[in-house]
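# A closer look at the structure
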Amino acid sequence: MFKNYLKIAWRNIRKNKTFSIINITGLAIGLSCFLLIALYVMDELSYDRFYPDANRIYRINSDIKFGGADLHMPVTSDMMGELLKKDYPQVEQYTRIYTFSGDKLIKKGNDYIDEAKVANVDSTFFDVFKLPVIEGDIKHALIEPNTVVLDESAAKKYFGTTHVVGKTIELRDEKNPFYKITGVVKDIPRNAHFHFDFFFSMKNVDYNWGQITSHNFYTYLRLKQGADYKAFEKNFDHYIDKYVLPDAKKFMNINSMDEFKKAGNSLVYSMMPLTDIHLYSNRSFELSPAGSIQYVYIFSAVALFILLIACINFMNLTTAHSANRAKEVGIRKVLGTEKRNLVSQFLFESTLMVTLSLIIAVAIAYFVLPLFNDVANKQMALNSLFSPYILPLLIALPFVVGLLAGSYPAFYLSAFKPIEILKGKLKLGSKSGGLRSVLVVFQFAVSIVLIVGTIVVYKQLNYIQTKNLGYNKDQVLIVNGVSALNDNTNAFKNEILQLPGVTSGTLSGYLPVSNSYRSDNTYSKEAVLTPKNGFDMQNWRIDYDYIKTLGMQIIKGRNFSRDFGGDSTATIINETTAKILGYADPIGKKIYTSTDAQGHMASYTIIGVVKNFNFESLHQDVGPLCFLLGGGFGSGVFKVNTSNIQNLITQIQNKWKALAPGLPFSYRFLNESFDEMYRAEQRVGKIALIFSVLAIFIACLGLFGLATFIAEQRTKEIGIRKVLGASVQGIIQMLSKDFMKLVAIAFIIAAPLAWWAMNIWLQDFAYRINIEWWFFALAGLGALAIALVTISFQAIKAATANPVKSLRTE
């Protein structure tokens, strides 16, 4: 029986080549899209799941609302983990990560290498995050100061081997620059929310320990088996009352947390499961760029819809093509073939076609995957599809899709009455296409939603690129790590300013892009800090030329000046700060801030107000910020004006080498760092565009097949109309108008859905575009034009055919 099914199926595939090619191609493209997106979704969902105790590890997050600031951070005080373990038996272990010391310059040979993937961690780090150990006693590796654990790549990079325990590495600008290597571990897999090559002992952190209200440490807890983290979170109120409140009283006139809350402030600690961090956390100071569960949902839906579009094509074309097999069904029924055998035959044929499509789809995915990895910034491998979790799904896919796509045609064909078929009384074709019309509408509705979505994403990205940010990001060169020059820092700046093509320069690590310094403190316009008058504010250290170099605008008062000796105790605030302070004219007024945990206060005189500039992502509103003079010289920032930028960079590098032989020279451009902040959105835009085009192509492929079939079914009718004087234009309109109506209905359904979906996506941006009417008009007209071009090919072919040949057609 199976051999008979296979022969008949193969004979029909070869007999109807055009129909088979359209069906198999459409399904193959749809399935390959589905496979690629499935790989993407699997990769996003896999983050941090490789740790043995991943389901019991949680990070503590801090949400602080104070004054005009609303802070959402993944960091806590240095003491929180230790105190929680001491007070609550549910905590089995804790560990901390500290990264605010910045990059490390590590010596190799006679040169130093700038290493960014460095962190100070507790000795308990490898107890919580159990990485495979290559060498060393990892349990005691970081107990002593000046010890370090390397990952495999770092060990090979500096020593050419992983057998390095007992050896030392040398750091620059450290009180004790030599660190003993006490362990080597395997590299952290790429699907983790943090990546470090060097793990230094926490005992080498130069920090004012014991500040309960200062949040600078990433704190992770491992709870005991069976402990409910949601129930454990209820202990945080007790922790705040016991430890945070007494510390806050030292520098703030406060008696209770209720008083703090009544003033409109809040302090909330929460726990986030380790496996949720990558997709559900997008806080300030994340250890790596976060993903988004929203995009996982979006791409999962896109994969499903593309697969459905491909299946709908199969169902549409197979059902429509059933007229050509009506007599076969009638004869087989007269000869005694049972309905179930006919159903089995047609389901076997559809499953065979889906299997062929799947084989082609896997081949397409294999060749396209490197390009998809490049666009999605992933390192996915196709063999992930053959994991124990996915392989069963892959095997079941031809049967599931074959059943889904072939069930209606199978039951539809097998239900034909043989007498009516053989007498030619069965009405088939365009007049029995109610379901086909519904499916075509669905296909184009999905396609139009994808087109609108792509337009909105690209318009929002263009808005980000062209928005007036309050500073000039173009032609600004950043030389990294100038603080390593020590006493030669200012000399380096002055020498660069002498070069042709350099118009101005400043020294500061505080820049309005990611991977830059950040510092905040509590401020008040009164000398006594209270919950009502205090607010958290960014305080950036800059020099005299910072505002000029970045093209910022002073709207009140003046800039820092060497002509005023008192500017060391002066400050320049932004408009948001001025609004919080509530002064009609803040110039000359003072603001106060605490300088230590004992509550000693320092005052700064406001000398200027800078126009608001976006110093964080456009996902966020502009918060309060002030500039202070001096310090913070992490980078050299230069405004350049030259067409030969590469020559200028070579000259700057030569100056660097002359002042700092052996130190690494690195640079970046401010606009590139700005673009990096929106890399995720740019990737989404590219992926959305690619899959929108493919969805439309698959839909049009089905439309082409359907138009071909209907033109064949109406061959005699077209011939008679032409003999009776119908024009070519009239016949084209007759064949096209029904399809155009379906596309119009699809647009009516798709437009509100697209507006709703993209409005939700835009809510994530504090600064966003308005969804304009022409987005929908462009998508609708585009879909209509694409459909018309697709149909016209067959319509014109049918309309220009010789009517004599048409009337001879059986």
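Now for a look at the structure at hand. Positions within a chain are numbered from 1, following the residues in the order the chain's sequence is written. This being a predicted model, a pLDDT of at least 70 is required before a residue's local features are given, and a value of 80 or more before pairs of side-chain atoms are given or counted; all residues contribute to the totals for chains, interfaces and linings. Hydrogens and waters are ignored; side-chain quantities use all the structure's heavy atoms.

## Remarks on the overall build of the protein
Rules: In this description a helix means any DSSP run of H or I spanning at least four residues, a strand means any run of E spanning at least two, and both kinds are numbered starting from the N terminus. Partly exposed residues are those whose accessible area sits between 20% and 50% of the maximum for their type, while under 20% is buried and over 50% is exposed, using a 1.4 Å probe and protein chains only. Residue contacts follow a heavy-atom distance rule, with two residues in contact if any of their heavy atoms lie within 4.5 Å. Residue burial considers only the protein chains on display, and all accessible areas are found by Shrake-Rupley using a 1.4 Å probe.
When helices and strands are tallied, the protein shows 25 helices and 24 strands. Out of the 810 residues in the protein, the part that is buried amounts to 53%. A fraction of 79% describes how many contacts in the protein between residues 6 or more apart in sequence connect residues 24 or more apart. Of the roughly 36,700 Å² of accessible surface on the protein, a fraction of 56% belongs to carbon and sulfur atoms.

## Details of the packing of helix α3 (residues 80-87) against helix α7 (residues 236-248)
Note the threshold: Axis geometry follows a simple rule: fit a line to the C-alpha atoms, using only the stretch in contact for helices, then measure angles between N-to-C directions, giving values from 0 to 180 degrees. Roughly parallel refers to an angle under 35 degrees, roughly antiparallel to one over 145, roughly perpendicular to one between 65 and 115, and oblique to any angle outside these ranges. Take the far helix as the reference: if the near one is turned anticlockwise from it by less than a right angle, the crossing is left-handed, and if turned clockwise, right-handed. Only Asp, Glu, Lys and Arg are considered charged in this grouping, and only Ala, Val, Leu, Ile, Met, Phe, Trp, Tyr, Cys and Pro are considered nonpolar; every other residue, Gly among them, is considered polar.
Contact geometry for α3 and α7: axes closest at 12 Å, N-to-C directions at 110°. Regarding the angle of α3 to α7, the classification is roughly perpendicular. Between α3 and α7 lies a crossing whose hand is right-handed. Taken together, the residues of α7 that come into contact with α3 (itself represented by Met80, Leu83, Leu84, Lys86 and Asp87) are Phe236, Tyr239, Lys242 and Tyr243. Residues belonging to the contact of α3 with α7 are distributed by class as follows: 6 nonpolar, no polar and 3 charged.

## What to know about the packing of helix α16 (residues 489-497) against helix α19 (residues 645-659)
The geometry of α16 relative to α19 is characterised by a closest axis approach of 10 Å and an angle of 150° between their N-to-C directions. With respect to their mutual orientation, α16 and α19 come out roughly antiparallel. Judged by the sense of rotation from one axis to the other, the crossing of α16 with α19 is right-handed. Across from Phe492, Glu495 and Ile496 in α16, the residues of α19 making contact are Ile652, Lys655, Trp656 and Leu659. Among the residues making up the contact of α16 with α19, the classes are represented as 5 nonpolar, no polar and 2 charged.

## Some remarks on the pattern of salt bridges
Basically, it comes down to this: Only one rule defines a salt bridge in this text: a Lys or Arg side-chain nitrogen within 4 Å of an Asp or Glu carboxyl oxygen.
Counted under the stated rule, the structure contains 26 salt bridges. Of the charged contacts, one joins Glu233 and Lys230 as a salt bridge, the two residues approaching to 3.8 Å between their closest N and O atoms. For Lys230, a relative accessible area of 47% puts it in the partly exposed group. Note that Arg562 is salt-bridged to Asp545, the shortest N-O span being 3.9 Å.

## A few points about the pairing of strand β11 (residues 198-201)
Keep this limit in mind: Two strands pair under a simple rule: DSSP has to find at least two bridges between them.
Where strand β6 (residues 118-121) meets β11, 4 bridges bridge the pair, whose relative direction is parallel. Counterpart to Val118 in the pairing with β11 is Phe198. When strand β8 (residues 147-151) meets β11, the two strands line up antiparallel, connected through 3 bridges. Counterpart to Val149 in the pairing with β11 is Phe199.

## Quick look at the nonpolar core
The following threshold applies: In these notes, a set of buried Ala, Val, Leu, Ile, Met, Phe, Trp, Tyr and Cys residues joined through side-chain atoms within 4.5 Å is what counts as a nonpolar core.
Core analysis: the biggest nonpolar cluster contains 121 residues, and Phe444 and Phe627 have the highest contact counts within it. Setting aside anything within four residues of it in sequence, one finds Phe444 in contact with Ala699, Cys700, Leu703, Val743, Ala746, Ala783 and Ala787.

## Some points on the packing of aromatic side chains
Put simply, the rule reads: Whether two aromatic rings pair depends on their centres lying within 6.5 Å, for rings of Phe, Tyr and Trp, where Trp uses its six-membered ring; planes under 30 degrees apart make the pair stacked, over 60 edge-to-face, and the rest tilted. Geometrically, a lysine NZ or arginine CZ counts as sitting over a ring once it is within 6 Å of the ring centre and also within 35 degrees of the ring normal.
All chains considered together, the criterion is met by 50 aromatic pairs. Taking 5.8 Å as the distance between ring centres and 65° as the angle between the ring planes, the aromatic pair formed by Tyr98 and Phe100 counts as edge-to-face. Residue class for Tyr98 comes out buried when judged on its relative accessible area of 9%. Taken together, Phe50, Tyr51, Phe125, Phe126, Phe129, Phe194, Phe196, Phe199 and Tyr220 form an aromatic cluster joined through their ring pairs. The ring centre of Phe200 lies 5.6 Å from the NZ or CZ of Lys104, which sits over that ring. The ring of Tyr583 carries Lys525 above its face, with NZ or CZ at 5.1 Å from the centroid.

## A look at the environment of Ile113
Summarising the element assignment, Ile113 is placed in strand β5 (residues 111-115). Residues within four places of Ile113 in sequence aside, it is in contact with Lys104, Leu105, Ile106, Lys108, Lys157, Tyr158 and Pro664.

## Quick word on α19
In an α-helix, one turn spans 3.6 residues; hence positions three or four apart end up facing the same way. For the record, the criterion: To estimate the expected span of a helix, count its residues, drop one, and scale the result by 1.5 Å. An arc is given here, and it is the one of the directions from the helix axis to the C-beta atoms.
Under the 1.5 Å per step criterion, the end-to-end length of α19 is 21 Å for 15 residues, consistent within 8% with the ideal 21 Å. Here α19 has its buried residues at Leu648, Ile649, Ile652 and Trp656. Down the axis, α19 shows its buried residues gathered within 100° of arc, on one side only. On the buried face of α19, the contacting elements are β14 (476-480), α16, β15 (502-507), β23 (635-640) and β24 (667-669).

## Observations regarding a nonpolar patch on the surface
Short version of the rule: Patch construction takes residues with relative accessible area above 30% that form no salt bridge. Like charges are linked within 9 Å, and nonpolar side chains (Val, Leu, Ile, Met, Phe, Trp, Tyr) are linked within 5 Å.
Together, Tyr366, Phe367, Val368 and Leu371 make up a nonpolar patch on the protein surface, roughly 470 Å² of accessible area in all. Mapped onto the fold, Val368 is located in helix α12 (residues 339-376).

## Remarks on the side chain of Ser561
Considering the arrangement of structural elements, one finds Ser561 in the loop between β18 (554-557) and β19 (570-574). A relative accessible area of 16% means that Ser561 is categorised as buried. In this structure Ser561 touches Tyr544 and Asp567, once residues within four positions along its chain are discounted.

## Regarding the sheet that holds β24
Strand order in the open sheet made by the 4 strands is β15-β23-β14-β24, with antiparallel pairing throughout. In this open sheet, the two strands that pair with only one neighbour each are β15 and β24. Between one strand axis and the next, the sheet turns by 25° as a mean value, whatever way the strands run. Against the sheet, α16 contacts β14, β15 and β23, and its axis sits at roughly 165° relative to β15.

## Notes on helix α5 (residues 152-159)
Those residues of α5 lying buried are Glu152, Ala154, Ala155 and Tyr158. Projected onto a plane normal to the axis of α5, the buried residues spread over an arc of 165° and lie on a single side. Positive backbone phi, at 75°, marks Gly160, one or two positions downstream of α5.

## Let's talk about unusual backbone geometry
Phi is positive for Asn146, close to 55°, though the residue is something other than glycine. Tracing the chain through its elements places Asn146 in the loop between β7 (133-135) and β8. With a phi angle near 55°, Gln475 is a residue other than glycine that sits in the positive phi range. Inspection of the secondary structure assignment puts Gln475 in the loop between α15 (434-466) and β14.

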